[in-house]
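Structure assessment
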Amino acid sequence: AMPAIKSANKALASLSKQDIQELKSYSLVPKAVTQTIEAVMILLKEKKPNDWTVTRQIISRPDFLERLQSFDSDAIQPEVISKLERVVKDPDFTPDKVGQTGSFACRSLCIWAHAVYNYYHMEKRVAPKREQLIQAQEILNEANGHYTDAAAELRTVTSELLVLKATYGAARNEADELESKIVKSKQRFTVAEGLKTALEGQQEKWQEELQQIDIEVNNTLKASFLSAVTLTYGRGLTREYREVLREKWENICQWKGSFVLADHLTPPNHQREWVIAGLPSDVTSFENACCVWQCWTEKCVKWPLVIDPQKRAFSWLTKWLPKTEILKHPNSATSADAKRRFYAKIEQCIEIGFPCIITDVGEKLDPYLGPILQKKYVEEPSGSGMYRIQITEDHSVNYDLDFKLVLCCMETSPKFSNEVHSSVNVINFTAVDGSLDDQVLSSIVACKKPELEESMRQNLTSIAGNKKLLAGYEEQLLAELENSGQDLLANSMLIQNLQKLKQTTHYISKQLSEAEAAKQEIKSLREGYKPVADLVSRVYHIASRLRVLSPFYAFSFEFIINIANKAIRAKQDVALQLYKYITQALQPSHRLTFALLLATTVDRFANELTESDVHLLYKLPILAVEFSQLPVRPPWITAEVWGLLNVLQKHDSVGNLARLCRHIISNSDEWMAWASAGIVNPPPLKGISAYQTFLISHCFGQGTVAAGWAYVKTVLGEEYASSEGEALKKVVTECGPRMPVLFVISSNVDPLSAVMRLAEECGIENVQEISAGVGVSSLIKTAAQTNTWLFIHNVHLLDTFQFFQQLADSETEASSQFRLFLTTQSSQDLPVHLIEQSVKYSFSSETGIKSTMQREFWERVIPVVDDEYSYLTLHKTLVFSLCAFHAVVVERCKYGSLGWSSGVTFDDSDLSTSLAQIELLFERASGSMDWHAVTYIVGHINYGGRTGDPSDLNVITSLAQQFISKAQLGLNPLKVEDNTYAEPPPCDYVAHDSMNCTGLSEEAFIERKKMESRVFLESVPCVLQGLGKRAPTVDGAEVMKICETIAKGLPATFDVAKAETNIVRNEMTRYNELLKRVRDDTEMVKEAVQGTAMVTSAVQRTIDRLMRNALPEEWLQMSFCTLDGLVEWVRGLKKRCEYFRNGTKSNVYWIPAYYQPVALCADLLQSYARRNNAPLTDVVLKFSVGGLGSMTVTGLRAVGCAWDASVGALSPGASSDPFPPLTVTATEASPLDPEELCVVLPVYLHPNRHVTTTRGATVSTMVFEVTLPCSCLPEKLILAGAALVAEQ
């Protein structure tokens, strides 16, 4: 039924208003339409219409279709069905037939009517069944209700069962999980225990490392600054200067602690490798190694050049880089073939990337190295990754980036040019005081206990190696932990590896502890040799500083160590042997300097002295200026000496010298007696040290040298004061064939004669003597293969020193008996390495006439006179007289300008030449002797020819005449007026020492002591610089005080326009220039100290000189003649300026104030000549003491004589009073009275009488000559060196 209804409804739904409108449009209604409309009306319960018009109205209603579509099929009544049945049963009322009418609406309505009819009848049959269905459904619903309740109850029970099952399963799973966790926890606990054991002790260590890392991170900027300035500015300085600068840099950036460059720039493994390779353990050495390592990085554009006089860097590099090419830098002596081989080796190293060390680098670099040093390599354009470097314009080679280069300069203090500094990074490996202690100790122990030193070396290597392994294992441990993931306890292999590492680390740590304990034990054993090593180190540092006194004083570290080891093997006093070998190279005037510095160094390290105590020796005059008011002094003590004594008292205000001045005042007589005795005994003040005794003696002036030797004896021992170095024979025996013996040319000695005598003593028959020149190298090569002694004069004049390299080369054959002797002047032209690697021997004449006579007459002349001088065998008295004459001439050389005004020197060749010429003269005279000729040859030619000074020539001729005339009479030439000497037989003379033999007075002895003291005091401060524990920093306050003192003492400049004469105008101009220079220099120094001006080399030299109480060289060149120190010079300058400011009236002239006092004499001569119309050549000056004259000269003092006012003449002796004023009168020349005893005295502006100019020339300071009466023979005053000298 329902499908029919649905099809009916579908048919109705297809109807539209147009379809109904079409139905209304029928005018003639077909039967089928009528039937259809009737069936619709029956179902709609409408009355059957009578005509079509009514029907059309019903159809036209708006709700017609809606009524049809909403028709309730279930509500049809039977009567409606019966009415409808009549229509439906009609055979013509079918959808198909109705559709034939052409009306789509009728057909659809027909289908709907049939469907309603069919639905009614089907519903009628289905209704009972529906009721049954409803009843059955109700029963089913009831049953379903019961079922639902049972199902719900079942579901409840089932859910409860499921919950119980789930709870059981969860509990079971939880139990299984707990059991698994228990097992895993036990395993993890076991693993944790293993991990805890493996990492035991690491937490604290890592915490410390983390704290250190935090500190380093916070200090990164500061460390970068300190690293940059150290690498840039500190690498070229020695340790003491670096410490001073580093302290300032640390204060600038507020760095806490001490900055160590290697800890910030170098990996620890590199530092351990350096220790194993033998790098010294001091901070400076590690800093230098770090600088070298940084120069090898790609970012650095320069290779390193290390200053390595002790070869510490070279030894370390060769061990750290065992596969290294070592080449020797070419120099002027290198042949062209050797240079080509050198270039080829360098190029080979560059191409294969092989490390290279170039040694023996001098102050100049080979131009060939320029592109290599600046790393001017470029990548090839092909893109192959290869590099090339252009060596020359037409030559280039492949460049391997693994190539490394180091240049080593073995010189002590090289002076590199700016060009060299711009090409390389200069790194200073020079060891200063304290840096060499470990190295020296190792050498000493290796010599005395080689097994102990070997144990120490192995121990250090073991410690470094174990530390390296330990660090490697720690890195491996961290790597294992890093790669293990987040769950460390789940990695059992990690624990096993960690345990293995722990065991290995524990084993290594145990070995390290044992090695450290062994190290301490070995170190304690080595400490027994530390005093000797410390002494050797101090001796080396003092000896290395001696080079500032002379280029000849160059001592290598190897030389010092070799001498020390020789002394140890021979069981000798090491310090004494070092002292002897060093002093054998020193001039006598410098031996006390070395001995005193050695003694003060020993006292300083024994805490007996401080560094300020040592420097007080030359700072006394400067410090004395600070005292404006002094206690009343005894009248016999000068103001200068009293000021120095007060400085000593103030310096030791709480010590033994605190009562020095009071003690002198209270015990004036004792002190005066002590000073008058020549200061040879200890001073009256008790309880003072040896050094304080030396300082007090120095203050009094005359006994500085003697007191210095007394101090040396007290501290070091008697043998140090009496030692004159090793004997030449021992030196020649020990030097060997490859080490030359180097002699410095000095006065009064002839090294060749000594070598010839030694060769005869040693049985050497072939001794060759040549002068430096072409062909020296080939001659040495030939002589070295035979038992020949070769003597080369003036080796400093050579252009090349290739012979030395050939001789040092082990490939060059050399006989064991071959020896090479060289003579040289103290010249800068001689290579430093030649001086350092030679045995230096300084010949100096022994003190006294007796020793000279012993050497010349008994040891040298007498053994050969019978063989070589046959005629002189009959005249041994003449030979003895000539030897005595030579001894006296040589002895006078030690008295400075009093001995010889021109400073001339003599040597053994003068005596040999004189003997040979007299022998020749004797032969030609057929056995007779022309005594006048002998006197002339000896006095005027051989000895007098060495000097151009007239006064010196007078002394030489007087001495020659005196000695030869006594020989002519057969008298003892050394017998003097006071009968000091007996007159032995002619062939058995014994010479003695006496100043009377030289003709000099006691004043000369005093002047000699002053001269020795002056030379000594000038050399001490030069060597003292750099010997302290710290750098010789300049005390700014002290320098400022000195400059202010100088400025305060300087007078105002002169108004030249107010000068009275041209002479005075010229003098004022000179003083104005000097005053301007002094003021400018002091202002420049003050600005430099304050930091407002640059400290140039000239300023630094000025500061150094001022700090030593010495005049700067620039001031000295512009100054008046003087020997004074800085303080006394300023006083003298002020006094001279005051003289000119007060005017030069009354024709009284103070000679010391004039630069050119000879102009005064010239003016007087010219005025007289013009006034009297006389030729200038006929006018002379007449001098007299007292009386009236045209001019009076003052400010002179007599030397070698004194004015005896009682007789009005000069007499022998000395006087401390100024010379009386000299009256000068111009007059025409007239002959002297032959019966009147007169002597011609030269007048000098400078006590030295001859001075050296800036160009090295020696000029006389004589102004004019004065003829004065004398009360003795003029020859006696001439021999005494009598002269008038301007006051200082």
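Residues numbered from 1 in each chain as written. Predicted model: local features only at pLDDT ≥ 70, side-chain atom pairs only at ≥ 80, totals over all residues. Heavy atoms only, no water.

**What to know about the overall build of the protein**
Counting secondary structure elements, the protein contains 51 helices and 25 strands. Across the protein, every contact between residues at least 6 apart in sequence was considered, and the portion connecting residues at least 24 apart equals 73%. Surface accessibility of the protein: about 64100 Å² in total, with carbon and sulfur atoms responsible for 52%. (Helix = DSSP H or I, 4+ residues; strand = E, 2+ residues; numbered from the N terminus. Contact = heavy atoms within 4.5 Å. Areas by Shrake-Rupley, 256 points an atom, 1.4 Å probe, with all protein chains shown as cover.)

**Examining the sheet that holds strand E7 (residues 405-409)**
Two orientations exist for strands paired in a sheet by backbone hydrogen bonds: parallel and antiparallel. Across the sheet, 5 strands lie side by side as E2-E3-E7-E1-E8; this open sheet has parallel pairing. In this open sheet, the two edge strands, each paired with only one partner strand, are strand E2 (325-328) and strand E8 (424-428). Mean inter-strand twist for the sheet, computed between neighbouring axes without regard to direction, equals 25°. For strand E1 (residues 303-307) and E8, the ladder comprises 5 bridges, and the chain directions are parallel. The partner of Val 306 across the bridge, within E8, is Ile 427. (Pairing = 2+ DSSP bridges. Axes fitted to C-alpha atoms, helices over the stretch in contact; angles between N-to-C directions.)

**A few points about helix H23 (residues 557-569)**
For H23, built from 13 residues, the straight-helix expectation of 18 Å at 1.5 Å per residue is met to within 8% by its first-to-last C-alpha distance of 18 Å. Every buried residue of H23 is accounted for by Phe 557, Phe 559, Ile 560, Ile 561, Ile 563, Ala 564, Asn 565, Ala 567 and Ile 568. Positive phi appears at Lys 571, one or two residues downstream of H23, with a value of about 55°. (Expected span 1.5 Å × (residues − 1). Buried < 20%, exposed > 50% of the residue type's maximum accessible area, 1.4 Å probe, protein only.)

**A word on the packing of helix H3 (residues 31-44) against helix H6 (residues 78-88)**
Packing of H3 against H6 brings their axes to within 9 Å, and their N-to-C directions diverge by 175°. Comparing their axes, H6 and H3 come out roughly antiparallel. Taken together, the residues of H6 that come into contact with H3 (itself represented by Gln 35, Glu 38, Ala 39, Ile 42 and Leu 43) are Val 80, Lys 83, Leu 84, Arg 86 and Val 87. Class assignment of the residues belonging to the contact of H3 with H6 gives a composition of 6 nonpolar, 1 polar and 3 charged. (Parallel < 35°, antiparallel > 145°, perpendicular 65-115°, else oblique. Nonpolar A, V, L, I, M, F, W, Y, C, P; charged D, E, K, R; others polar.)

**Thoughts on the environment of Leu 648**
Mapped onto the elements, Leu 648 comes out in helix H27 (residues 639-651). Its relative accessible area of 1% is what places Leu 648 among the buried residues. Here the alpha-carbon distance between Leu 648 and Leu 623, two residues 25 residues apart in the chain, equals 9.5 Å. Once residues lying within four places of it in the same chain are set aside, the contact partners of Leu 648 are Leu 616, Leu 620, Leu 657, Leu 660, Leu 695, Ile 696 and Cys 699.

**Topic: the side chain of Ser 902**
For Ser 902, the location among the structural elements is in the loop between helix H40 (896-899) and helix H41 (908-924). The class for Ser 902 is buried, based on a relative accessible area of 19%.

**Quick look at a nonpolar patch on the surface**
The grouping of Leu 210, Ile 213 and Val 217 at the surface amounts to a nonpolar patch, some 280 Å² of accessible area in total. Tracing the backbone through its elements, the reader meets Leu 210 in helix H9 (residues 202-218). (Patch = residues over 30% accessible without salt bridge, like charges linked within 9 Å, V, L, I, M, F, W, Y side chains within 5 Å. Salt bridge = Lys/Arg side-chain N within 4 Å of Asp/Glu carboxyl O.)

**Thoughts on the packing of aromatic side chains**
A full pass over the atoms with the stated rule returns 48 aromatic pairs. Between Tyr 579 and Phe 594 the ring centres are 5.6 Å apart and the planes differ by 15°, which places this aromatic pair in the stacked class. One end of the pair, Tyr 579, is in helix H24 (residues 574-583); the other, Phe 594, is in helix H25 (residues 588-605), with 15 residues separating them in the sequence. The same class applies to Tyr 579 as to Phe 594, namely buried. With centroids separated by 5.6 Å and ring planes inclined at 40°, the aromatic side chains of Phe 906 and Tyr 943 adopt a geometry described as tilted. (Phe/Tyr/Trp six-rings, centres within 6.5 Å; stacked < 30°, edge-to-face > 60°.)

**Considerations on the pairing of strand E6 (residues 395-399)**
Pairing analysis gives 5 bridges linking strand E5 (residues 387-392) to E6, with the strands arranged antiparallel. The partner of Ile 389 across the bridge, within E6, is Val 397. Hairpin remark: E5 followed by E6, antiparallel, with 2 residues in the connecting loop.

**Focus on the packing of helix H26 (residues 611-624) against helix H30 (residues 690-700)**
At a closest axis distance of 11 Å, the pairing of H26 and H30 adopts a crossing angle of 5°. Classified by the interaxial angle, the pair formed by H26 and H30 is roughly parallel. Between H26, through Asp 613, Val 614, Leu 616, Leu 617 and Leu 620, and H30, the contact on the second element is made entirely by Tyr 691, Phe 694, Leu 695, His 698 and Cys 699. In terms of residue class, the contact of H26 with H30 is built from 8 nonpolar, 1 polar and 1 charged.

**Quick look at unusual backbone geometry**
Even without a glycine there, the phi angle at Asp 360 is positive, about 55°. Tracing the chain through its elements places Asp 360 in the loop between strand E3 (356-359) and helix H17 (370-373). Residue classification places Asp 360 among the partly exposed positions, given a relative accessible area of 35%. If you check the backbone angles, Asn 1173 has positive phi at about 55° while not being a glycine. As for its placement among the helices and strands, Asn 1173 is situated in the loop between helix H50 (1158-1172) and strand E15 (1179-1185).

**Looking at the pattern of salt bridges**
Taken as a whole and judged by the stated rule, the model has 15 salt bridges. The salt bridge involving Glu 325 is made with Lys 345; its shortest N-O contact spans 3.9 Å. With Glu 325 in strand E2 and Lys 345 in helix H16 (residues 336-352), the pair connects residues that are 20 residues apart, well separated along the chain. Classification of Glu 325 by relative accessible area gives partly exposed; the value is 21%. Taking the relative accessible area as the measure of exposure, Lys 345 reaches 35% and is therefore partly exposed. Several salt bridges converge on common partners, so that one network encompasses Arg 242, Arg 246 and Glu 287.

**Observations regarding the sheet that holds strand E24 (residues 1262-1269)**
As summarised here, the arrangement of the 4 strands in space is E17-E25-E21-E24, forming an open sheet in which the pairing is mixed. Two strands bound the open sheet, and with one partner strand each, they are strand E17 (1196-1199) and E24. Each strand axis lies, on average, 30° off the axis of its neighbour in the sheet, ignoring direction. Looking at chain direction, strand E21 (residues 1238-1244) and strand E25 (residues 1283-1286) are connected through 2 bridges and run parallel. Within the sheet, the bridge partner assigned to Val 1243 lies in E25 and is Leu 1284.

**Digging into helix H46 (residues 1062-1090)**
The terminal C-alpha atoms of H46 lie 42 Å apart, and with 29 residues this matches the ideal 42 Å at 1.5 Å per residue to within 8%. Phi turns positive, to about 90°, at Gly 1091, one or two residues after H46.

**What about the side chain of Thr 1082?**
Among the secondary structure elements, Thr 1082 is positioned in helix H46. Among the polar contacts listed, one links the side chain of Thr 1082 to the backbone oxygen of Val 1078, at a separation of 2.9 Å. Only 2.8 Å separates the side chain of Thr 1082 from the backbone oxygen of Arg 1079, close enough to count as a polar contact. In this view, Thr 1082 contacts Cys 1043, Ile 1046 and Trp 1115; residues no more than four positions away in its chain are not counted. (Polar contact = N/O pair within 3.5 Å; in protein donor to acceptor, adjacent residues only side chain to side chain.)

**Some remarks on the environment of Arg 569**
Turning to its location among the elements, Arg 569 is positioned in helix H23. When its relative accessible area of 57% is taken as the criterion, Arg 569 is described as exposed. Spatially, the C-alpha atom of Arg 569 lies 7.4 Å from that of Cys 447, the residues being 122 residues apart in sequence.

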